[in-house]
Amino acid sequence: MKLKDILSPFTAWKHVVKEPVTIKDPQSREGAERYRGFHKNDIESCIGCGTCEDICQNEAIDLVPVDGIETKDGDSGLRPMIDYGRCCWCALCVDVCTTNSLSLSNHFTWVDEDPDAFRFIPGVDKKAWDNEEKGWKKPEPNYELYGTERVHMPELHAEDRDKSFIEFVTGYSKQQAEEEADRCVECGICTATCPAHMGIPEYIKAIRNDDLEEGLRILYETNPLPEICGRICTHKCEDVCSIGHKGDPLSIRWLKRYIADQNPSEKYKEILNAGNVENNGKKVAIIGSGPSGLSAAYYLALTGYDCTIYEKLPEAGGMMRYGIPEYRLPYDQIDKDINYILSLGVKIEYNVNIGTDITLDKLKSDYDAVFAGTGLHLGRSTRIPGSDHKDVFFATDLLREISLGKEIQVSEKIVVIGGGNVAMDITRSLARLQNNKFGKVDVTATSLESEDIMPADREEVVESREEKAIIDPGWGPTSIEIENDKIKGLHVQKCLSVFDESGRFSPKFDEKDTKFFEADMIVESIGQGMDIEYINPETRDQIEFDPRGRIVVDEYFQTGAKWLFIGGDIIQGPDVIHGIANGHKAAIGIDKFINQDG
Amino acid sequence: MKNKLFKITEDRSQFPEKNADGKIDIDLSSHKYLKLWQGPQHPGITGNMALELTVLGDEVMHCETHVGYLHRGFEKLMERRKYIQCFPIVCRVAVPEPDFNEYCFASAMEELAGIEIPEMAKWLRTLVLEMSRLQSYLMWIGGQSGAFGSGIIGQWANYLRDLVLDRFEELTGGRIYHMYQLPGGVRGLLPDGFKERMEETLQTIEKFMGDIDKVMFNNAVFKKRSVGIGYIDPAWINKFGITGPNARAAGVAKDVRKDYPYLKYADLDFDAIVGKDSDIYTRADVRRKDLLLSIDLIRQIFAKMPEKGDIKAKTPNVLHWKVPKGETYSRAECTRGEYGYYMVSDGTEYPRRINVRGPSYTHAIALLEKMIINTNIADVAGLMVSLHTYPPEIER
Ligand SMILES: Cc1cc2nc3c(=O)[nH]c(=O)nc-3n(C[C@H](O)[C@H](O)[C@H](O)COP(=O)(O)OP(=O)(O)OC[C@H]3O[C@@H](n4cnc5c(N)ncnc54)[C@H](O)[C@@H]3O)c2cc1C
Ligand code: SF4
Ligand code: SF4
């Protein structure tokens, strides 16, 4: 033992004259810039997807309804409520939040005598830290808990596709589909928005589990046309997909296609466990073999009804076959979906025009109920001077002729009036035909709407241009110039705005800013109208029409003439998935109607 | 009191004879023995566990350890949690050193999933593991000196530890449970000015370590109570699975950082700290030097780490991450020795089995029960702290 060891501990005394190291009032100490303190939520950007609730291992988060926040497309209307009796401030909820609305402030002291106060809805229940900038936010950059970038869908290059009508989107491989499916957070925001309320997160999960038969079963619960929808659906689901708030929305449509593509049609019956339905002896007539008619027939057949579809054209599918071009939706895929429906005993009478060949009355007396999904097939005209010339066509007429395999008129210089998807379809179809006929493309599409508000999908515009069509939006047509009975071109004037303040269609033009598109053929693609001539006056009297002339139906698509149900484009949409949803709902309505009657 | 400080005379004439196997027969009805419970609530215990001591006079004749007071069922709980949901749980397995749990859990998952984390994340993980070591030793040093009656070191060390926790708060958003090493990487880059503030903290610690050297290590009382006491025979090291400073103080250079270099340790310049005498004093000294080594390593890390870089690798969606089927063992050197996670995945979204190897398991049970025999009751606490054990990691 050294003397030093006895003396040296006394050096501790020097601290007596030093400042104490303890903080006297820890209450006023500020948390660090990144401190994980109390929750904040930007209630406007939160969409109530519940992903925060999902990840929380403490079940500290509950999504609850909040006064003043409405449920709408892309917003469940719920907001997270946090229970500080459970929370461990891991901030995984913040990191996973799909909208980045959730964060933690750096506040960490909260005194209250009411224990329930510590269960609160951040952003709704006002707190002292609501405006505190400091605190935990999702780390940036390149820090994500799930993929925010879409797996690229392989496509044919423009030069490989611009002469033919072969399908140019080639479909996901297994690995690609699984990688894309992995991004889903299973919030179900998409399901709520999908008109058919498809079990989207569920079938995406089936892809992850590589159980594509289960995937197919889920698809058919709400949609008997998955090959078709997997290709051309307007995918309202993707518009609201919560991943879209900070990245690319899920490729929901392509994933649906992947499931349908991977299941061979021979196995459908076995997978879907169909074919054991007992006929219930009731008969339903369906007018039109578009998506609404097919969907109604499918769900009715599953319930045991004897269904007959009457179709005025030689093949089934309605606008899906006679409108949508083959390069987007190949006929064999339409056939795959429709043949399966027919295999359940649904009959189709082709080339029968209800109203002329058979009257609606006859159907009424021969069947227990009638569903009509006759669509919008009458082209609408701009009615500008010259629009009655023989070289002015409706887009839908031309598209139908193409599908029927007929040769249509294709001139060297064509102008298409319209900025929607139908306009893009005819533009791209004509571009292909021109390319074949003349070895070059000279088709221009022009619309009232400027490029940023054009109704066509962005990718349609981009792809049209890749195929060398010209898209020149923002012009209002004024007249078609005709010389010696030949079209010379289209006069247009600058369109300044399309809608007024209240959102009503009321275009404003700059008459001085004009332009002339040279052309020898013009196609109008500004919308379609319904043709319900087949509904006789007596039945018409029973049906209610709204002030704008549209047919009024109840939630089951039942009209005032109780035996007559109407759905599809005439009522809602216009798109395939609304038709499918309508047909399904109408099938349920028809079943109710017939059972109550009998 | 008077002479005792410098001279302890032993009178063992009253003590029972040992049997041939070295054990003694304890007959409680002889009234010579007393049963004494140290713990489960006791300042001399490093957490909640109990030592059931049988003493004769003031000497321990027999000890049985009792654990179970802290059992939270973490391992079982994890089998019912998705992997990402285990992440906020694992740090809670060992309160004073959450980061080793985070690291072992994440790296086991990454290994099974075949994920390589970015360079930057590796450096930051190495940094927090050393910061964690630093604050853990600071907590220990207060306990060690406190167990031998000196309160002052604990006061200083707690202050110093708080400074490190301040840095943790800046970097990770939390003081105790950092939840920073997420599977795939880490959750943040260094905040602005962090290195400077850390350097300031390191200098403060170094300054106080000088004082601690004088007041604790060059202290007649501490030496008297720690030199030659609590001897660990090097032959026991492998037999009992002794690791960390407990092994190194016995001259066995076991250090996972050196033996199986992980993260960026291969790029750092250091040697495993070893001692010779294998008593309480030597173990304390090895830890003191290891603490200073951590300071050095943190400086090396700052000098060598890149300025920029990604903090997280691309991983599957954490909400349904299916870790590929397989099993692995991932380890790291914590202040108490080898920390490890044995992870089994059956290819689902939930771990099939996770087993945590906390070094305290061997140190605080089998080893302690062996070493404690013939220890003075007053030295039991000091002996236990000298093994640096944490009951929470014994019972997961
Ligand atoms: C060019 C074009 C592209 C489109 N692209 C898409 C797209 O990408 N995605 C999408 O979702 N939607 C698209 N649509 C819209 C979609 O095709 C329609 O919304 C959908 O087909 C409407 O379904 P429906 O059941 O109402 O009737 P339709 O599909 O219009 O079918 C009605 C059927 O009824 C038949 N019919 C009509 N009257 C009678 C009668 N009196 N007797 C017997 N049969 C009759 C018709 O021949 C037709 O087959 C597109 C439409 C067009 C024109
Ligand atoms: S994850 Fe974000 S957007 Fe979704 S409910 Fe929670 S706070 Fe709202
Ligand atoms: S697809 Fe998108 S919206 Fe639908 S459940 Fe998945 S993440 Fe949510």
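Reading guide: rules and limits
Residues numbered from 1 in each chain as written. Chains lettered and ligands numbered in written order. Predicted model: local features only at pLDDT ≥ 70, side-chain atom pairs only at ≥ 80, totals over all residues. Heavy atoms only, no water. Helix = DSSP H or I, 4+ residues; strand = E, 2+ residues; numbered from the N terminus. Contact = heavy atoms within 4.5 Å. Areas by Shrake-Rupley, 256 points an atom, 1.4 Å probe, with all protein chains shown as cover. Buried < 20%, exposed > 50% of the residue type's maximum accessible area, 1.4 Å probe, protein only. Lys, Arg positive; Asp, Glu negative; His and termini not counted. Charge placed at Lys NZ, Arg CZ, Asp CG, Glu CD. Axes fitted to C-alpha atoms, helices over the stretch in contact; angles between N-to-C directions. Parallel < 35°, antiparallel > 145°, perpendicular 65-115°, else oblique. Left-handed = near helix turned anticlockwise from the far one by under 90°. Nonpolar A, V, L, I, M, F, W, Y, C, P; charged D, E, K, R; others polar. Buried area = accessible area lost by both parts, 1.4 Å probe. Salt bridge = Lys/Arg side-chain N within 4 Å of Asp/Glu carboxyl O. Polar contact = N/O pair within 3.5 Å; in protein donor to acceptor, adjacent residues only side chain to side chain. Disulfide = S-S within 2.5 Å. Near = heavy atom within 4 Å. Phe/Tyr/Trp six-rings, centres within 6.5 Å; stacked < 30°, edge-to-face > 60°. Pairing = 2+ DSSP bridges. Expected span 1.5 Å × (residues − 1). Patch = residues over 30% accessible without salt bridge, like charges linked within 9 Å, V, L, I, M, F, W, Y side chains within 5 Å. Domains from an automatic or database assignment.

**As for the overall build of chain B**
Part 1: Broken down by element type, chain B carries 14 helices and six strands.
Part 2: For chain B, contacts bridging at least 24 residues in sequence account for 72% of all contacts bridging at least 6.
Part 3: Working note: accessible area of chain B is about 15300 Å², and carbon and sulfur atoms make up 51% of it.

**Structural notes on the overall build of chain A**
Part 1: Tallying secondary structure elements over chain A gives 21 helices and 20 strands in all.
Part 2: Out of the 598 residues belonging to chain A, those deemed buried represent 54%.
Part 3: Taking contacts inside chain A between residues at least 6 apart in sequence as the whole, the part at least 24 apart equals 71%.
Part 4: Carbon and sulfur atoms form 48% of the exposed surface of chain A, whose accessible area is close to 27300 Å².
Part 5: A distance of 4 Å separates the average location of the 69 positive side-chain charges in chain A from that of its 105 negative side-chain charges.

**Side note on the packing of helix α5 (residues 152–172) of chain B against helix α6 (residues 194–217) of chain B**
Think of two packed helices as two axes; the pair is described by the angle between the axes and how far apart they sit.
Residues and elements named next belong to chain B.
Part 1: One way to put it is that α5 packs onto α6 with a least axis distance of 10 Å and a crossing angle of 165°. Classified by the angle their axes make, α5 and α6 are roughly antiparallel. By crossing handedness, the relation of α5 to α6 is classed as left-handed. On α6, the residues that touch Ile152, Ile153, Trp156, Tyr159, Leu160, Leu163, Val164, Arg167, Glu170 and Leu171 of α5 are Phe194, Arg197, Met198, Thr201, Thr204, Ile205, Phe208, Asp211, Ile212, Val215 and Met216.
Part 2: Broken down by class, the residue content of the contact of α5 with α6 amounts to 15 nonpolar, two polar and four charged.

**Considerations on the interface of chain A and chain B**
Part 1: Across the contact, 46 residues belong to chain A and 46 residues belong to chain B.
Part 2: Summed over both sides, the interface of chain A with chain B buries roughly 3700 Å², with 53% coming from carbon and sulfur.
Part 3: When the buried surface of chain A facing chain B is broken down by residue, Arg34(A), Arg36(A) and Gln57(A) rank first, second and third, together holding 17% of it.
Part 4: Where chain A touches chain B, the interface holds six salt bridges.
Part 5: Between Asp5(A) and Lys223(B) there is a salt bridge, and its shortest N-O distance comes to 2.7 Å.
Part 6: Applying the counting rule to chain A against chain B returns 32 residue pairs in polar contact (both at pLDDT 80 or more).

**Remarks on the state of the cysteines**
Part 1: Within the structure shown, the criterion is met by zero disulfides over all chains.
Part 2: For the unlinked cysteine Cys194(A), the closest cysteine sulfur is that of Cys237(A), found at 6.3 Å.

**A look at the site of ligand 2**
Part 1: Around ligand 2, the structure places 15 residues, and the nearest of them are Cys46(A), Cys49(A), Cys52(A), Cys97(A) and Thr99(A).
Part 2: Class assignment of the residues belonging to the shell around ligand 2 gives a composition of eight nonpolar, seven polar and no charged.

**Section: the packing of α6(B) against helix α11 (residues 280–304) of chain B**
Residue and element names in this part refer to chain B.
Part 1: Closest axis-to-axis distance for the α6/α11 pair is 11 Å, and the angle between their directions is 160°. Relative to α11, α6 is oriented roughly antiparallel. Relative to α11, the crossing made by α6 is left-handed. Contacts between α6 and α11 pair Phe194, Lys195, Met198, Glu199, Leu202, Gln203, Ile205, Glu206, Met209, Asp213 and Phe217 from the former with Tyr281, Ala284, Asp285, Arg288, Leu291, Leu292, Ile295, Ile298, Arg299 and Phe302 from the latter.
Part 2: Split into classes, the residues belonging to the contact of α6 with α11 amount to 13 nonpolar, one polar and seven charged.

**Structural notes on the packing of aromatic side chains**
All names here are of chain A.
Part 1: With the rule as written, the count across this model stands at 37 aromatic pairs over all chains.
Part 2: A ring pair is formed by Tyr84 and Trp110, whose centres lie 6.0 Å apart and whose planes are at 80°; its orientation type is edge-to-face. Note that Tyr84 is positioned in the loop between β3 (78–83) and α3 (92–96) and Trp110 in the loop between β4 (102–104) and β5 (119–120), a separation of 26 residues in sequence.
Part 3: Here Tyr84 falls in the buried class, since its relative accessible area comes to 10%.
Part 4: Between Phe565 and Phe593 the ring centres are 6.0 Å apart and the planes differ by 65°, which places this aromatic pair in the edge-to-face class. Residue Phe565 is found in strand β20 (residues 564–566), and its partner Phe593 is found in helix α21 (residues 576–597); the two are separated by 28 residues along the sequence. Of the two residues examined, Phe565 and Phe593, each falls in the buried class.

**Concerning unusual backbone geometry**
Part 1: Backbone torsion omega between Glu140(A) and Pro141(A) reads -25°, so that peptide bond is classified as cis.
Part 2: Note on placement: Pro141(A) falls in the loop between β5 and α4 (158–161).
Part 3: The peptide bond linking Gly39(B) to Pro40(B) adopts the cis configuration, its omega dihedral lying at 5°.
Part 4: Looking at the secondary structure, you find Pro40(B) in the loop between β1 (33–38) and β2 (50–56).
Part 5: One non-glycine residue, Ser278(B), adopts positive backbone phi at about 60°.
Part 6: Mapped onto the fold, Ser278(B) is located in the loop between α10 (256–259) and α11.

**Overview of the side chain of Thr559(A)**
Residue and element names in this part refer to chain A.
Part 1: Tracing the chain through its elements places Thr559 in the loop between α20 (537–542) and β20.
Part 2: Looking at Thr559, the relative accessible area reads 1%, which means it is buried.
Part 3: Looking at Thr559, its side chain comes within polar contact range of the main-chain oxygen of Ala561, at 2.9 Å.

**Some thoughts on helix α17 (residues 395–403) of chain A**
Part 1: In terms of residue burial, α17(A) counts as a mostly covered element, since seven of its nine residues are buried.
Part 2: Among the residues trailing α17(A), Gly405(A) stands out with phi positive, at a value near 85°.

**Considering the sheet that holds strand β5 (residues 337–345) of chain B**
Residue and element names in this part refer to chain B.
Part 1: Strand order in the open sheet formed by three strands is β4-β5-β6, with antiparallel pairing between adjacent strands. On the outer flanks of this sheet lie β4 (326–334) and β6 (351–357), each paired with one strand and no other. Neighbour to neighbour, the strand axes of the sheet diverge by 15° on average, direction disregarded.
Part 2: Both β4 and β5 contribute to a ladder of nine bridges, which runs antiparallel. Paired with Cys334 across the bridge in β5 is Gly337.

**Regarding the pattern of salt bridges**
Residues and elements named next belong to chain A.
Part 1: Applying the stated criterion to the full structure yields 82 salt bridges over all chains.
Part 2: Notably, a salt bridge pairs Asp75 with Arg79, separated by 3.0 Å at the nearest N-O pair. Taken as a pair, Asp75 and Arg79 share a single burial class, namely buried.
Part 3: Glu555 is the salt-bridge partner of Lys585, the closest N and O atoms lying 3.9 Å from each other.

**As for the sheet that holds strand β11 (residues 392–394) of chain A**
What holds strands together in a sheet is hydrogen bonding between their backbones, with the strands either parallel or antiparallel.
Residues and elements named next belong to chain A.
Part 1: In space, the five strands of this open sheet follow the order β11-β18-β12-β13-β14, with parallel pairing throughout. In this open sheet, the two strands that pair with only one neighbour each are β11 and β14 (470–471).
Part 2: One ladder, built from two bridges, connects strand β13 (residues 443–446) with β14; its direction is parallel. Residue Ala445 lies in a different strand from β14, and its bridge partner there is Ile471.
Part 3: Together, β11 and β18 (521–524) form the strand contacts of α17, whose direction differs from that of β11 by roughly 75°.

**Focus on helix α18 (residues 421–438) of chain A**
Within an α-helix, residues lying three or four positions from one another point in the same direction, as the helix has 3.6 residues per turn.
All names here are of chain A.
Part 1: Here α18 is 18 residues long and its end C-alpha atoms lie 25 Å apart, about the 26 Å a rise of 1.5 Å per residue gives.
Part 2: For α18, the complete set of buried residues consists of Ala423, Met424, Asp425, Ile426, Thr427, Arg428, Ser429, Leu430, Ala431, Arg432, Gln434 and Asn435.
Part 3: Just downstream of α18, Gly439 is the residue with a positive phi angle, here 75°.

**Remarks on a negative patch on the surface**
Part 1: Residues Asp112(A), Glu113(A), Asp114(A) and Asp116(A) make up a contiguous surface patch of negative charge.
Part 2: Checked against the element boundaries, Asp116(A) lands in the loop between β4 and β5.

**Observations concerning the domain arrangement of chain A**
Residue and element names in this part refer to chain A.
Part 1: Assigned domains within chain A: domain 1 (39–136), domain 2 (158–271), domain 3 (283–377 + 536–596) and domain 4 (379–528).
Part 2: Listed per partner, the contact involves 14 residues of domain 1 and eight residues of domain 2.
Part 3: A buried area of about 840 Å², summed over both sides, lies between domain 1 and domain 2, and 60% of it is on carbon and sulfur atoms.
Part 4: The interface formed by domain 1 and domain 2 contains zero salt bridges.
Part 5: At the boundary of domain 1 with domain 2, the tally comes to three residue pairs in polar contact (both at pLDDT 80 or more).
Part 6: Elements with a minimum of two residues in the side of domain 1 that touches domain 2: α2 (51–55) and α3.

**Some details on the pairing of strand β15 (residues 475–483) of chain A**
Part 1: For β15(A) and strand β16 (residues 486–499) of chain A, the ladder comprises eight bridges, and the chain directions are antiparallel. If you follow Ile480(A) over to β16(A), its bridge partner there is Leu490(A).

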